[in-house]
Amino acid sequence: MRRLLLVLCAVLVGAAAPAVPVDYAADARSIETLVNANYAYLERFPGQRMPMTDKLRTEAAKISDEKGLVRYAERALNLLADHHAITGASLKDSWAVFPSYGDLWIERRGGQFVITAVRDGSPAVGAGVRRGDVLHAVDGQPTAAAVAAFWADLGTSGGGERDGYAARLLAAGRRDRPRLLTIGHPQARPRQLSLPNLYFLALVDRPVLQGSEVGPDLVIRFFDSLGQDATIAAFDLAMAKARPGQRVILDLTGTPSGGNTTVARAVLGWFVGKPTFYQVHNLPAEERKTGIARQWVEQVLPRAGKRHRGPVTVRVGRWTGSMGEGLAIGFAAIGARVEGERMAGLLGAIYDYRLEHSGKVIKFPTERLSAADGTPREKFVPEPIASTH
């Protein structure tokens, strides 16, 4: 009998504990709390709180699986109308991440949705879409109605810049299907265009950047590579060919996905002779929690054996995003000319937040970022491109 008990005890000790069901609903409900505690730009909303809706709170309580949680997280973050607030995971039919996978910058002007910028080399350019065109319809539905439906589906309404946000997502489309857009010149009959989603496009095998002589200048164009370590070595190699005193033009117009400060500081380091302030960070979450404000200034340091003393010009546009914008304001801080169109205006620096039960990640701006002179990064205005450049 004693031996039988010992065997039974051994079996019980060795048996795996029953799996605890993942509380997906708790993770869904936690998103509102995380945003209210950590989002850096709550002043954008009434009461300085996330504009959560009763409809989404009801949905949260019913989330029961991983797919549903990802879908819910996407919908909840859309309430922020912030292109820098995204999920770590996605679904095959998720909205395209913008501006990384968008080619039309759209703003609401009165009753029209005007295309104010078109991405170079994109399907939209190939179809003849140009700045000043009007987006009349999405999937056959008038744009204003489609935008209103986008917000109604989340239990809220649009208005102002929120409508521009929604229109840009609608025009970028869902990842698993082509886009059916009705676009017209102001004085011409609209055309219905079927444009491939940018997720469909074959990856082009291209370098992280390209340096070339254009007239008297050295032009270095970055191909959305500010987050790749290989960019540092490639930039160093390109800069090694710069002649003393030669003007260097850095083209950041194709950097919508941002990057990291290591690459940015490596690039800036070629153009400073001493430690130089280039970006101001502010962490509102700490002040909310403790009542004590936290702010610090980031410096760029000279790089040993790497210094260019000629003039530098930085070119930017709507597809200069996140760290590309940080690099631009950094160059402005050291006296370089930054020229082109308004940048993406992505808010702040994003942090990752891992949901407690499922481990799924959401990302949103947690630090406010400003130029060295205090100008918020998203409000930085470049100089117009000089006709002699």
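Residues numbered from 1 in each chain as written. Predicted model: local features only at pLDDT ≥ 70, side-chain atom pairs only at ≥ 80, totals over all residues. Heavy atoms only, no water.

## Quick notes on the side chain of glutamate 339
Residue position: glutamate 339 is located in strand S14 (residues 337-340). A distance of 2.7 Å separates a polar atom in the side chain of glutamate 339 from a polar atom in the side chain of arginine 315. (Helix = DSSP H or I, 4+ residues; strand = E, 2+ residues; numbered from the N terminus. Polar contact = N/O pair within 3.5 Å; in protein donor to acceptor, adjacent residues only side chain to side chain.)

## A few points about the packing of aromatic side chains
Under the definition given, this model contains 12 aromatic pairs. With centroids separated by 6.0 Å and ring planes inclined at 25°, the aromatic side chains of tyrosine 39 and phenylalanine 45 adopt a geometry described as stacked. Since its relative accessible area comes to 0%, tyrosine 39 is described here as buried. The exposure class assigned to phenylalanine 45 is buried, which follows from its relative accessible area of 7%. Note on phenylalanine 271 and phenylalanine 331: the rings are 5.4 Å apart at their centroids and 65° apart in plane angle, and the pair reads as edge-to-face. Of this pair, phenylalanine 271 sits in the loop between helix H9 (261-268) and strand S11 (276-282) while phenylalanine 331 sits in helix H11 (residues 323-333), placing them 60 residues apart in sequence. Accessibility classification places phenylalanine 271 together with phenylalanine 331 in one group, the buried group. Note that arginine 168 overlies the ring of tryptophan 105, its terminal NZ or CZ placed 4.6 Å from the centroid. (Phe/Tyr/Trp six-rings, centres within 6.5 Å; stacked < 30°, edge-to-face > 60°. Buried < 20%, exposed > 50% of the residue type's maximum accessible area, 1.4 Å probe, protein only. Lys NZ or Arg CZ within 6 Å of the ring centre and 35° of its normal.)

## Concerning the environment of serine 370
Considering the arrangement of structural elements, one finds serine 370 in strand S16 (residues 361-370). Along the chain, serine 370 and glutamine 279 lie 91 residues apart, while their C-alpha atoms are 5.9 Å from each other.

## Some details on the nonpolar core
Within the largest apolar cluster, 60 residues are counted, with the highest numbers of intra-cluster contacts made by Tyr39, Tyr72 and Leu104. Ranked by the residues each element gives to this core, the list is headed by helix H7 (residues 161-172), at seven residues. Here tyrosine 39 is in contact with Leu34, Arg44, Phe45, Leu80, Asp82, Arg288, Leu347, Phe364 and Pro365, once residues within four sequence places are set aside. By size, the runner-up hydrophobic cluster in this structure holds 37 residues, among which are Ala266, Val314, Ala328 and Ala336. (Core = buried A, V, L, I, M, F, W, Y, C linked by side-chain atoms within 4.5 Å. Contact = heavy atoms within 4.5 Å.)

## A few points about the packing of helix H8 (residues 230-239) against H9
Taken N-terminus to C-terminus, the directions of H8 and H9 make an angle of 10°; their axes are 9 Å apart at the nearest point. Considering their axes alone, H8 and H9 lie roughly parallel with respect to each other. Of H9, the residues touching H8 (which contributes Thr231, Ile232 and Phe235) are Thr262, Val263, Ala266 and Val267. Taken together, the residues that form the contact of H8 with H9 break down as five nonpolar, two polar and no charged. (Axes fitted to C-alpha atoms, helices over the stretch in contact; angles between N-to-C directions. Parallel < 35°, antiparallel > 145°, perpendicular 65-115°, else oblique. Nonpolar A, V, L, I, M, F, W, Y, C, P; charged D, E, K, R; others polar.)

## Some thoughts on helix H6 (residues 143-152)
Those residues of H6 that sit buried are Thr143, Ala146, Val147, Phe150 and Trp151. Mapping the buried residues of H6 onto a view down its axis gives an arc of 135°, with all of them on the same face. On its buried face, H6 is in contact with helix H4 (66-78), strand S3 (112-118), strand S4 (134-138), strand S5 (141-142) and H7. (Arc of directions from axis to C-beta.)

## Digging into the pattern of salt bridges
In this structure the tally under the stated criterion is 24 salt bridges. Arginine 57 is the partner of glutamate 32 in a salt bridge, and the nearest nitrogen-oxygen pair spans 2.7 Å. In this pair, glutamate 32 is assigned in helix H2 (residues 24-38) and arginine 57 in helix H3 (residues 54-61), connecting sequence segments 25 residues apart. On the accessibility criterion, arginine 57 (38% relative accessible area) is partly exposed. Across the pair arginine 75 and aspartate 153 runs a salt bridge whose closest N-O atoms are separated by 2.5 Å. Of this pair, arginine 75 sits in helix H4 while aspartate 153 is found in the loop between H6 and H7, placing the two residues 78 residues apart along the sequence. The class of aspartate 153 is partly exposed, set by a relative accessible area of 36%. (Salt bridge = Lys/Arg side-chain N within 4 Å of Asp/Glu carboxyl O.)

## Some remarks on unusual backbone geometry
Cis geometry marks the peptide bond from phenylalanine 98 to proline 99; its omega dihedral reads 10°. Among the structural elements, proline 99 can be located in the loop between strand S1 (86-87) and strand S2 (104-109). Of note, glutamine 48 is a non-glycine position whose phi angle comes to about 50°, a positive value. Summarising the element assignment, glutamine 48 is placed in the loop between H2 and H3. Residues other than glycine seldom take positive phi values, yet serine 322 does so here, at roughly 55°. Tracing the chain through its elements places serine 322 in the loop between strand S13 (312-316) and H11. Here serine 322 falls in the buried class, since its relative accessible area comes to 14%.

## Some thoughts on the pairing of S2
For S2 and S3, the ladder comprises six bridges, and the chain directions are antiparallel. The partner of tryptophan 105 across the bridge, within S3, is alanine 117. Between the end of S2 and the start of S3, which pair antiparallel, lie two residues, with glycine 110 showing a positive phi angle near 65°. (Pairing = 2+ DSSP bridges.)

## As for the sheet that holds strand S8 (residues 209-214)
Taken in spatial order, the five strands line up as S8-S9-S10-S13-S14 in an open sheet, and their pairing is mixed. Where the open sheet ends on each side, the last strands, each with one partner, are S8 and S14. For this sheet, the mean angle separating the axes of adjacent strands, direction not counted, is 20°. Sheet topology places strand S10 (residues 248-251) next to S13; four bridges connect them, and they run parallel. Directly across from aspartate 251, in S13, lies its bridge partner arginine 315. The sheet strands contacting H8 are S8, strand S9 (217-222) and S10, and the helix crosses S9 at an angle near 170°.

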